[in-house]
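Tertiary structure, described
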Amino acid sequence: MAGRINDDDVKVVRDAVPIDTVVSEYLQLRPAGGGNMKGLCPFHDEKSPSFQVSPSKGLFHCFGCQEGGDTIAFVMKIDHLSFSETVERLAAKAGITLRYEEGGYNPTHQRGERIRLVEAHKAAADFYVEQLGGEEAAIGRKFLAERGFDQSAAEHFGVGYSPAGWDHLTRFLRGKGFSDKELLLAGLSQDGRRGPIDRFRGRLMWPIRDISGEVVGFGARKLRDDDNGPKYLNTPDTAIYKKSQVLYGVDLAKKDIAKASRAVVVEGYTDVMACHLAGITTAIATCGTAFGTDHIKILRRLLMDNGSARVIFTFDGDAAGQKAALRAFEDDQKFAAETYIAIAPDGMDPCELRLNKGDAAVQDLVEPRTPLFEFAIRQIVSRYDLETPAGRASALDEAGPIVARIKNGASQHEVAVQLAGILGILDTQFVVKRVAQMARWARDRGGRGPAGPASSSSSSASSYDSGQSPALSGPALNLRSPAHRTERELLKLALQRPELVSPAFDAYGVDEFTAPPYAAVRRAVEDAGGAEQGMASAPEYLAGVREAAPNDAVRALVTELAVEVFHGKTIDEAYAGEQLVRVRLRAVDLRIHDVTSTLARLDTSADAERHQAVQNELWVLQQYRQSLRNSGAAAL
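Here's a quick rundown of the structure.

A closer look at the pattern of salt bridges
Per the counting criterion, the structure on display carries 27 salt bridges. The partner of Arg-89 in a salt bridge is Glu-214, and the shortest N-O contact between them spans 3.3 Å. Taken together, the residues Arg-89 in helix 4 (residues 83-94) and Glu-214 in the loop between strand 9 (203-209) and strand 10 (215-222) connect sequence positions 125 residues apart. Exposure remark for Arg-89: the relative accessible area of 6% places this residue in the buried category. We note a salt bridge from Arg-383 to Glu-398, for which the minimum N-O separation is 2.3 Å. Here Arg-383, found in the loop between helix 16 (372-381) and helix 17 (389-404), pairs with Glu-398, found in helix 17; they are 15 residues apart in sequence, far enough to count as distant. Overall, the relative accessible area of 52% leaves Arg-383 in the exposed class.

Concerning the packing of aromatic side chains
Scanning all chains against the criterion turns up 16 aromatic pairs. Ring plane angle 55° and centroid distance 6.2 Å describe the contact between Phe-51 and Phe-74, whose orientation is recorded as tilted. You can see Phe-51 sitting in strand 3 (residues 51-54) and its partner Phe-74 sitting in helix 3 (residues 71-79), a full 23 residues away along the chain. Each of the two residues, Phe-51 as well as Phe-74, counts as buried. The aromatic ring of Phe-143 is capped on one face by Arg-147, whose charged end is 3.5 Å from the ring centroid. Over the face of the ring belonging to Tyr-508 we find Arg-584, whose NZ or CZ atom lies 4.1 Å from the ring centre.

Some words on the sheet that holds strand 5 (residues 68-70)
Backbone hydrogen bonds are what pair the strands of a sheet, in a parallel or an antiparallel way. The strand order 1-2-3-4-5 describes an open sheet built from 5 strands, whose pairing is antiparallel. Of all the strands in the sheet, the pair left with one neighbour each is strand 1 (30-33) and strand 5. Pairwise comparison of adjacent strand axes, ignoring direction, gives a mean angle of 25° for this sheet. For strand 2 (residues 36-39) and strand 3, the ladder comprises 3 bridges, and the chain directions are antiparallel. From the neighbouring strand, Lys-38 faces strand 3, where its bridge partner is Gln-52. Strands in contact with helix 3 are strand 3, strand 4 (59-62) and strand 5; relative to strand 5, the strand with the most contacts, it is inclined by about 120°.

Observations regarding the pairing of strand 3
Bridge analysis of strand 3 against strand 4 gives 4 bridges, and the strand direction is antiparallel. Paired with Phe-51 across the bridge in strand 4 is Cys-62. Counting the residues in the hairpin turn of strand 3 and strand 4 gives 4 residues, including Gly-58, whose phi is positive at 70°.

Side note on the sheet that holds strand 12 (residues 262-266)
Pairing in this open sheet of 5 strands is mixed, and the strands run 13-12-14-15-16 from one edge to the other. Here the strands that pair on one side only, and so sit at the sheet edges, are strand 13 (283-285) and strand 16 (370-371). In the sheet, strand 12 pairs with strand 14 (residues 310-313) via 4 bridges, with the strands oriented parallel. Along strand 14, the bridge assignment pairs Val-265 with Phe-313. Along the sheet face, helix 12 (residues 293-303) touches strand 12, strand 13 and strand 14 and points at about 155° away from the line of strand 12.

Structural notes on the pairing of strand 15 (residues 338-341)
The pairing of strand 14 with strand 15 spans 4 bridges and is parallel. For Val-311, the partnering residue across the bridge sits in strand 15 and is Thr-339. The pairing of strand 15 with strand 16 spans 2 bridges and is classified as antiparallel. Its bridge partner being in strand 16, Ile-341 is matched across the sheet by Thr-370.

Observations regarding the environment of Gly-534
Within the element layout of this structure, Gly-534 appears in the loop between helix 23 (516-527) and helix 24 (538-548). Exposure remark for Gly-534: the relative accessible area of 10% places this residue in the buried category. Measuring from C-alpha to C-alpha, the distance between Gly-534 and Arg-497 comes to 8.1 Å, with 37 residues separating the pair along the chain. Not counting residues within four places of it along the chain, the set of residues in contact with Gly-534 comprises Pro-498 and Tyr-541.

Focus on helix 18 (residues 409-423)
For helix 18, spanning 15 residues, the distance from its first C-alpha to its last is 21 Å, which sits close to the expected 21 Å at 1.5 Å a residue. Positioned one or two residues after helix 18, Gly-424 has a phi angle of 80°, which is positive.

Examining the side chain of Thr-598
Residue position: Thr-598 is located in helix 26 (residues 573-601). Look past the residues within four positions of Thr-598 in its chain and what remains in contact with it is Glu-387, Arg-392 and Arg-610.

A closer look at the packing of helix 17 against helix 18
Remark: helix 17 packs on helix 18, axes separated minimally by 11 Å, with the N-to-C direction vectors making an angle of 160°. Of the possible angle classes, the one that applies to helix 17 and helix 18 is roughly antiparallel. Relative to helix 18, the crossing made by helix 17 is right-handed. Residues Arg-392, Ala-395, Leu-396, Ala-399, Gly-400, Val-403 and Ala-404 of helix 17 lie in contact with helix 18, whose contacting residues are Gln-412, Val-415, Ala-416, Leu-419 and Leu-423.

Here is what the cut-offs are and how they apply
- Residues numbered from 1 in each chain as written.
- Predicted model: local features only at pLDDT ≥ 70, side-chain atom pairs only at ≥ 80, totals over all residues.
- Heavy atoms only, no water.
- Salt bridge = Lys/Arg side-chain N within 4 Å of Asp/Glu carboxyl O.
- Helix = DSSP H or I, 4+ residues; strand = E, 2+ residues; numbered from the N terminus.
- Buried < 20%, exposed > 50% of the residue type's maximum accessible area, 1.4 Å probe, protein only.
- Phe/Tyr/Trp six-rings, centres within 6.5 Å; stacked < 30°, edge-to-face > 60°.
- Lys NZ or Arg CZ within 6 Å of the ring centre and 35° of its normal.
- Pairing = 2+ DSSP bridges.
- Axes fitted to C-alpha atoms, helices over the stretch in contact; angles between N-to-C directions.
- Contact = heavy atoms within 4.5 Å.
- Expected span 1.5 Å × (residues − 1).
- Parallel < 35°, antiparallel > 145°, perpendicular 65-115°, else oblique.
- Left-handed = near helix turned anticlockwise from the far one by under 90°.

In structure tokens:
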């Protein structure tokens, strides 16, 4: 067992490494007055800094979670190290040789596990760098050169090469005193038929460093056609490496991220290299995984969530890149910083852009930025036909919950106004109120913000057409909405008293029911042969509608509507006619609004014929609306 570290040496280590220097490797610190520094606590989530560091006292304390202590306590807590491992790590950083009370100098094989794994990775990184200069690595040097990276660039980022043989690194590290067990735990070796063999063979190697600059893993790029492995192979999760908790390049970028209050998130190792070499020294990337919550925590501590902070995502322009951007938007509200997306022309990534158009093009890439929320909304809206009322309504149903998730009320209002413009809805206040309503419903459901049409409180009709069974609650079924209440009453009539609404009901389109679940029920009635079928045999009719329902959710709603009591005192033709007129009048009003919106967007000089046709349609709709108001059911 390792001896106890000499007390005097512990004191020397504690005094030799300033606490603010160590803490600054993990988060941004700013003056807090009285010689103290402040930042966002790395031990709990917070929006405003309650974490303070006193360089003169060598102490830190968080007034939020009550964590505190000296430099050693900070490193122990944040890196999950033992006391001796922490002292050894800080001593190595300060160039201090430690003494041990019970056995002289600590033998190498007795060092803490984490320290040993880090040392193994450092030795491996040096080995790979040396191999890059060899004859076998010519293919690797060619790969780098073809992407615009010379020897100095490779050296700056520590790029190396893993020999193609079975156990070159394993034998090298054994010679350095590392055991097979340590090499397997580090993920540098893996079990072979006759013992450990190298995990990475014949590949270009990027060292992955944690925020303090220590190598904790590797990213390996395939070079040869006869390599049957994946294009990129990363170190597996180990005691020192968790891919969801590391950002490639953060050790190089952290100071500039804090200084500029800006971070640029790219997709790969070569993209980080290209950005840094082009002067975008705030670029970082994830390591074989999606950008997630733990990555956000790292950036938030560096950005300190001040009002001017910016996070810019530069995903590829292809479908996969767009999907990655939408995934990033899912976590957007965990940032206090403003988030943007930048997509290079022709779908090029930063590495390709630099190679084809130079450094200036990479710099320009992150300047004309699109807010991430706008990109996400436009991606959703692009799937709908905004020339039709049903298309606009469905687009609002899906995009509205996205906007409703914005926590800041002022920002939510502003984005809702922009959403109205994107959709071409002239009644901006309608969209603003609709979004605010969705946000309230989400809060009423226990603080779970709407996450899209299938899980939000305004489920789209497509959810009710699928095999899913979403909960039948939320705004679509809220009887406080006059429109929804009338639609519900009319459906009840069509199911319970079809003789009162036929044949008029069967002429109503699915899009005249603005609540998606009700539209799904209307479609089920249509697929079952229409309400007129119910005039012959009620049981068979209802059974047919239930059978035509696309899923259990709609089927349950059909049953509910078929047994629910009516709101009216007298259920007769007059009452039925009133419901028919109200639903039709609402549909006509919406269509008039849509046509007016289209008319406002048309360029009369460019398409006079189209403009005249839309004007004619508007006039006909207005006349029909007046007829409905004057004549009631007789106008149907």
